[in-house]
Amino acid sequence: MKLKVLGISNRYKEQVLDSISFEVDQGIVGILGENGAGKTTLMEIIATLVRPSEGKVEYDGKNIEQNLFSVRQQIGYLPQKFDFFSKVTVEQALDYICRLKRIESKKERKLEVEEKLRQVGLIQQSKTRFGDLSGGMKQRVGIAQALIGNPSLLLIDEPTVGLDPQERVSFRQLLSGLAQDRVVLLSTHIVEDIAMTSEYLLVLHQGRVNYYGDLSTFIRAAEGKVWMYRGKQMPQALQSEQIAMISSQTTASGVEVRYVADHPIENSISIEPTLEHAYIYANRKQVEHG
Amino acid sequence: MVELTTQLSFSFQRILKQRVSCLFILFITTILPLFLVLANRIDNFEDNWLALLHVQMILHTLLTPVLLNTIWSGRLHNFEKKTILYYLRQPFVYFLSQILVVWLISAGSLIIVDSAYWVVSAQGASGAMWAGTVLQMILTTGLLVTLTGLLSLLLQRTFYSILLLLIYLLISLSFIDRPMFALWFSPNVTEQMVMQTDLVIERGWLLIWMIVLLVIGRLLFLKKAERR
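Every chain's residues receive numbers from 1 upward, in the order its sequence appears when written. For this description, chains carry letters from A and ligands carry numbers from 1, given in the order in which they are written. The predicted nature of this model means local features are confined to residues of pLDDT at least 70 and side-chain atom pairs, given and counted, to a pLDDT of 80 or more, with totals for whole chains, interfaces and linings taken over all residues. Side-chain measures were taken over the full set of non-hydrogen atoms in the model, leaving aside hydrogen atoms and water.

Take the layout of surface pockets next. A pocket, in this scheme, is an open set of points on a 1 Å grid over the protein atoms alone with protein on both sides within 12 Å along at least 5 of 7 lines, while a cavity is a set where a 1.4 Å probe fits but cannot get out; residues line either one if an atom lies within 4 Å of a point. Grid points are joined across faces, edges and corners, and a volume is the space filled by probe spheres set on the points. Counted as a void, the second largest pocket has a volume near 300 Å³. If you trace the second largest pocket, you find 18 residues lining it, with Phe85 and Ser86 of chain A together with Arg14, Gln18 and Thr70 of chain B closest to the centre. Gly counts as polar in this scheme, as do all residues outside two lists: the nonpolar Ala, Val, Leu, Ile, Met, Phe, Trp, Tyr, Cys and Pro, and the charged Asp, Glu, Lys and Arg. For the lining of the second largest pocket, a count of residues per class yields six nonpolar, six polar and six charged.

In structure tokens form, the structure reads like this:
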């Protein structure tokens, strides 16, 4: 699917999104932004749940106003904090979603449910009631329901929130395998989610696009801007507004501090930036330049 | 039509998941009144029959919100909007199917239990009486379920409708003797409502009220379900 987001703005009491534009036709696009940056609103607009105040979204050239239901049949959507009726079993829930997505034949539905359950690693839990699943398993059911009907656009909103570290890792592995022949938009405020899954990155900051492009270019922009200080104690210079501290830890010989800055302080060496460093650098630059 | 059958079967599946609560409610509203009437040892079948109908209808009025609450709490959850209504061309079908399933179970259980009692005990009683009673059951339970559904949308909680239905029932029993407006009748009027053809036909107005309630319910439901 070729997804075109054209000048989307949205106001709800205050400006949530401001002139968002991007295009994508395959692969996983990670949408990264702080809480309140407008990620969920953007996902809901692309999912056709919310009308934008300005701009439009095109799905293979189709506008939703004339094609709402045919577009929705091509979208798989995992909303934030996926939930379902607690007493319904996983298999029954997915069978119902199959029927909602117009898979009428019972045999086809059975095959589809089995295939998706295998894909998300829940085949053993097919007879388990939804309410008895762990948080990570519920999210997997959420992914399975989104995958039913093989949608060409998959929207996944904050999928790892509330999961324990092990569930997060296995959920990221699951996401990595979903991008063949489709567009996946993954919205999150957790940098590792994107670092481990996405090829493209859209950084939202205060409702605006701060960056859109491939991950490596974004990371390269922070080269020579990330530093590591080693010393006996925390230097006063690190309190400067020109410096964004990333991490600090006490070592046997003193302290070790990683930070982002245009120029290093004494006793610092340049280190290779990661996505997290680049993200902090990009947002800091955005704040400085307004 | 495909959407309606899908939603009906899923609503039915969901209510079956609550079968302990449902069977308890149906026992209280249909079978318990039968035991109570039989315990009175009245020899006249027609008196027993009308007393049974009367008690059943009053208990149904009070427990229909509890039965509907097993599948519809009165609030549309986020996941219902984003994963179910999302794929429906006519989202109201989702709500309508829950009303229809509760109506079907409610009226169906009454008809089955009372017809069994009729077959066993009604020696020589007029078949018109059975037909009149069944019609009253279908229409009254239909009005009860649609009214409960509308009140649940207005009050955001299905349970809260019990109080308003109770008030309506008390007013109906005490002051309203017109079949087209009353929820149910005083014991003296019940016999006329079952036996007199013109009053049975007048009771048919309930169908119109049900349609009106569903039209208003549709507007309220769609307001909750619509795209922002």
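Next comes the rest of the description.
The next thing to look at is the pattern of salt bridges. Residues and elements named next belong to chain A. Any carboxyl oxygen of Asp or Glu that lies within 4 Å of a side-chain nitrogen of Lys or Arg is treated as forming a salt bridge with it. Per the counting criterion, the structure on display carries 18 salt bridges over all chains. With a shortest N-O distance of 3.2 Å, Arg208 and Asp18 are connected by a salt bridge. One end of the pair, Arg208, is in strand 10 (residues 208–214); the other, Asp18, is in strand 2 (residues 14–24), and 190 residues separate them in sequence. Working definition: with a 1.4 Å probe on protein chains only, accessible area under 20% of the residue-type maximum means buried, over 50% means exposed, and in between means partly exposed. A relative accessible area of 40% places Arg208 in the partly exposed class. Across the pair Arg109 and Asp95 runs a salt bridge, and its minimum N-O distance is 2.8 Å. Within this pair, whereas Arg109 is found in helix 4 (residues 106–119), its partner Asp95 is found in helix 3 (residues 90–100), the two being separated by 14 residues in sequence. Residue classification places Arg109 among the buried residues on the basis of a relative accessible area of 8%. Secondary structure counts use DSSP, requiring at least four H or I residues in a row for a helix and at least two E residues in a row for a strand, with both numbered from the N terminus.

On to the side chain of Thr148 of chain B, then. Summarising the element assignment, Thr148 of chain B is placed in helix 6 (residues 127–155). Pairs of residues are marked as contacts when any of their non-hydrogen atoms sit within 4.5 Å. With near-sequence residues (within four places) excluded, Thr148 of chain B lies in contact with Thr64, Pro65, Leu68, Thr158, Ser161 and Leu165 of chain B.

Glancing now at the interface of chain A and chain B. Counting residues at the interface gives 32 residues for chain A, matched by 25 residues for chain B. Summed over both partners, the accessible area lost on bringing two parts together, with a 1.4 Å probe, is the buried area. Buried surface at the junction of chain A and chain B, both sides included, amounts to about 2,900 Å², of which 56% is carbon and sulfur. Sorting the residues of chain A by area buried against chain B places Phe69, Phe85 and Tyr96 of chain A first, and these three jointly supply 23% of that buried surface. Where chain A packs against chain B, one counts two salt bridges. Between Glu44 of chain A and Lys82 of chain B there is a salt bridge, with its nearest N and O atoms 2.7 Å apart. Distance and chemistry together define a polar contact, namely a pair of N or O atoms within 3.5 Å, with one atom able to donate a hydrogen and the other to accept it when in protein, and with adjacent residues in sequence counting only for side-chain atoms on both sides. If you look at where chain A meets chain B, you find nine residue pairs in polar contact (both at pLDDT 80 or more).

One pass over the full model with this rule turns up one cavity of 30 Å³ or more. Arg99, Leu100 and Arg102 of chain A together with Val2, Glu3, Thr6, Gln7, Tyr87 and Leu88 of chain B are the residues that line the largest cavity. Among the elements of the structure, helix 3 of chain A together with helix 1 (2–17) of chain B are those that each provide at least two residues to the lining of the largest cavity. The element that contributes the greatest number of residues to the lining of the largest cavity is helix 1 of chain B, accounting for four residues.

All right, on to the packing of helix 5 (residues 92–121) of chain B against helix 6 of chain B then. Residues and elements named next belong to chain B. Helix axes are fitted only over the stretch in contact, all axes being lines through C-alpha atoms; the angle between N-to-C directions runs from 0 to 180 degrees. For the pair helix 5 and helix 6, the least separation of the axes is 9 Å and the interaxial angle reads 155 degrees. The angle between helix 5 and helix 6 falls in the class roughly antiparallel. By crossing handedness, the relation of helix 5 to helix 6 is classed as right-handed. Residues that form the contact of helix 5 with helix 6 fall into these classes: 15 nonpolar, eight polar and one charged. Angles are sorted into four bins: roughly parallel if under 35 degrees, roughly antiparallel if over 145, roughly perpendicular if 65 to 115, and oblique for all others. With the far helix as reference, a near helix turned anticlockwise by less than a right angle produces a left-handed crossing, and one turned clockwise produces a right-handed crossing.

Residues and elements named next belong to chain A. Structurally, His277 is set in helix 9 (residues 275–289). For His277, a relative accessible area of 6% gives the class buried. When the C-alpha positions of His277 and Leu202 are compared, they lie 15 Å apart, and in sequence the two are 75 residues distant. Sequence-distant contacts of His277, that is, excluding residues within four places in its chain, are made with Val226, Ile246, Val260, Ile271 and Glu272.

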